[in-house]
Amino acid sequence: MRKWVTAGLAGFMSLLASLSLAADLPRSVTHGDFPKHDIDGILLGRDLFYDPVLSGNRNIACATCHHPRHGSSDAMSLGLGEGADGLGPSRRLPAGSTVPARIPRNAPALWNLGAREFTVMFHDGRTMADAAAPYGIAMPDGFALERALPSALAAQVILPMLSSEEMAGQPGENPVANAVSDSRISDAWAQIAAQVATIPNYDMRIRRQNGDQPPHIADVAQALADFIAFEFRATDSPFDRFLAGDETALTPAQARGMGLFYGAAGCATCHSGPFQTDHGFHAIGMPQLGPGKEAGGQDRGRHYVTGDPADLYRFRTPSLRNVALTAPYGHAGAYPTLEDAVRHHLDPVAGLMRYQPAQAALPDTQGLADDWAMMNDPAQRIEIAAAIELNPTPLSEAELADLLAFLDALTDPAAAAGRLGVPNAVPSGLPVPR
Ligand code: HEC
Ligand code: HEC
């Protein structure tokens, strides 16, 4: 580990004073922000994360859409799920496919989801900590937890396995997909746990973790969550070093950008706290493309979960840690670059109205998907625009450049390279996405 330069307190204070911040800088992240996990659980989770054995047709792994090579996402606006081949931008539907397999939302990066304060999962928060819900975690209707899990993250990870487009496959193809299509959710999870338990290596390692019980989906969940928490922790960026007192960690442009972020540009209103998120929901009018979560390609964000008109087009504020590595941006991946995403914030209504389909990165679905139903309908653009709750922020081009430089200072280079990295092989013997 690099030895940190301890800045003179006076120099640090005068730099801070010169920035005239409207909001306080966050406290620095510490080990205490993360629960401890044991190494056997982490290694088990790593194998499961890269193993297609968790999918109905044994053809897609978590890592296919959350790959370290693509910043723990897939580098696509909207990825292709089960049934497609390849990784990232080279992923393709095989000739003759009859299912579009287009995923309705951008695959989020997994950075720092293991920190205790991340209790809201998905772009719409449909899994989140909730003291009133069974086992303290709200789940989508019909997907009730069967056992206690340690975090919302551990509860989230058992859902992609039951999504027909993501990992389960279509009814008629395999027992998991059949159970899902008959709403036998418990059977679907039991089937996946059984697929894992048939492999002696997994059976033995899970029994070592759970007191020699037959493997249950909760065991798989816990190991995946432990792995994500360990592998995708990103807390040693230039910004972290600055917060810890190293005055020289930021370049002058990055320091000016930080001043704008926590000051005149108002970013910290929503991107607050040590991980640059309030974990709340806001309507900022990012363009809508692809199949959507609702009919006709629509996606009304948090409203999809609550039905509350106040939540129309509100999406969760994403953390900005390692954001330079996770293009494209927005819940549907509408913007290919950070500059585009930030320019949208500076004038959201104009950004939405001017948006051009060519900006998106979408793998070819051979005419099976209509991606532009929403943006081709002026009335839909107006409806989304009407919900926007973010005022325009006039910034000069030089200020925008500084803000972008600051976002670059949120990258942790060691985390980007991967701590454990991609395994050479997984216990099922199935091909590892790499
Ligand atoms: C086909 C692509 C795909 C696969 C495979 C996939 N995911 Fe995802 N993942 C997504 C998308 C898209 C979302 C966002 C969905 C939404 O918000 O509605 C997501 C969301 C998540 C989240 C929530 C992140 C956040 O910030 O809220 C976690 C955690 C996650 N996935 C982990 C996993 C794990 C673990 C697996 C394997 C069991 C997996 N994913 C398999 C595409 C995928
Ligand atoms: C009103 C709350 C709010 C404010 C203020 C705000 N943002 Fe955001 N930001 C969001 C939300 C919500 C999203 C996700 C929108 C979506 O996915 O549709 C987002 C997304 C982003 C993204 C894309 C991240 C990703 O992973 O896709 C970046 C980059 C970003 N914001 C930077 C900024 C910067 C820089 C500022 C200050 C100029 C700012 N934000 C101000 C709420 C806000």
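Quick notes on the rules
- Residues numbered from 1 in each chain as written.
- Chains lettered and ligands numbered in written order.
- Predicted model: local features only at pLDDT ≥ 70, side-chain atom pairs only at ≥ 80, totals over all residues.
- Heavy atoms only, no water.
- Donors = N, O, S within 2.8 Å, 3.2 Å for Na, K, Ca; no water.
- Helix = DSSP H or I, 4+ residues; strand = E, 2+ residues; numbered from the N terminus.
- Near = heavy atom within 4 Å.
- Polar contact = N/O pair within 3.5 Å; in protein donor to acceptor, adjacent residues only side chain to side chain.
- Axes fitted to C-alpha atoms, helices over the stretch in contact; angles between N-to-C directions.
- Parallel < 35°, antiparallel > 145°, perpendicular 65-115°, else oblique.
- Contact = heavy atoms within 4.5 Å.
- Nonpolar A, V, L, I, M, F, W, Y, C, P; charged D, E, K, R; others polar.
- Buried < 20%, exposed > 50% of the residue type's maximum accessible area, 1.4 Å probe, protein only.

A word on the coordination of the iron atom of ligand 1
For step 1, the next point in the chain: Among protein residues, the single donor to the iron atom of ligand 1 is H66 (NE2), with a metal-donor distance of 2.1 Å.
For step 2, the next point in the chain: Among the secondary structure elements, H66 is positioned in the loop between α3 (62-65) and β1 (120-121).

Considering the site of ligand 2
For step 1, the next point in the chain: Among the 21 residues in the neighbourhood of ligand 2, the closest are listed as C267, C270, H271, H331 and H345.
For step 2, the next point in the chain: The separation between a nitrogen atom of ligand 2 and a polar side-chain atom of H271 is 2.8 Å.
For step 3, the next point in the chain: With respect to ligand 2, the side chain of H331 contributes an N or O atom lying 2.6 Å from an oxygen atom.
For step 4, the next point in the chain: Those elements giving two or more residues to the shell around ligand 2 turn out to be β5 (315-316) and α13 (338-346).

Observations regarding the packing of helix α2 (residues 39-49) against helix α9 (residues 217-231)
For step 1, the next point in the chain: In the contact formed by α2 and α9, the axes pass within 7 Å of each other and the chain directions differ by 100 degrees. As far as their axial angle goes, α9 and α2 are roughly perpendicular. Within the contact between the two elements, α2 uses G41, I42, L44, G45, R46, L48 and F49 and α9 uses V220, A223, L224, D226, F227, I228 and F230.
For step 2, the next point in the chain: A class-by-class count of the residues in the contact of α2 with α9 yields ten nonpolar, two polar and two charged.

Notes on unusual backbone geometry
For step 1, the next point in the chain: Of note, the amide linkage connecting A327 to P328 takes the cis form, showing an omega dihedral of -5 degrees.
For step 2, the next point in the chain: Residue D212 is not a glycine yet carries a positive backbone phi of 60 degrees.
For step 3, the next point in the chain: Secondary-structure assignment places D212 in the loop between α8 (200-210) and α9.
For step 4, the next point in the chain: Phi at Q366 is positive, roughly 50 degrees, even though this residue is not glycine.
For step 5, the next point in the chain: Considering the arrangement of structural elements, one finds Q366 in the loop between α14 (348-354) and α15 (378-386).
For step 6, the next point in the chain: When its relative accessible area of 39% is taken as the criterion, Q366 is described as partly exposed.

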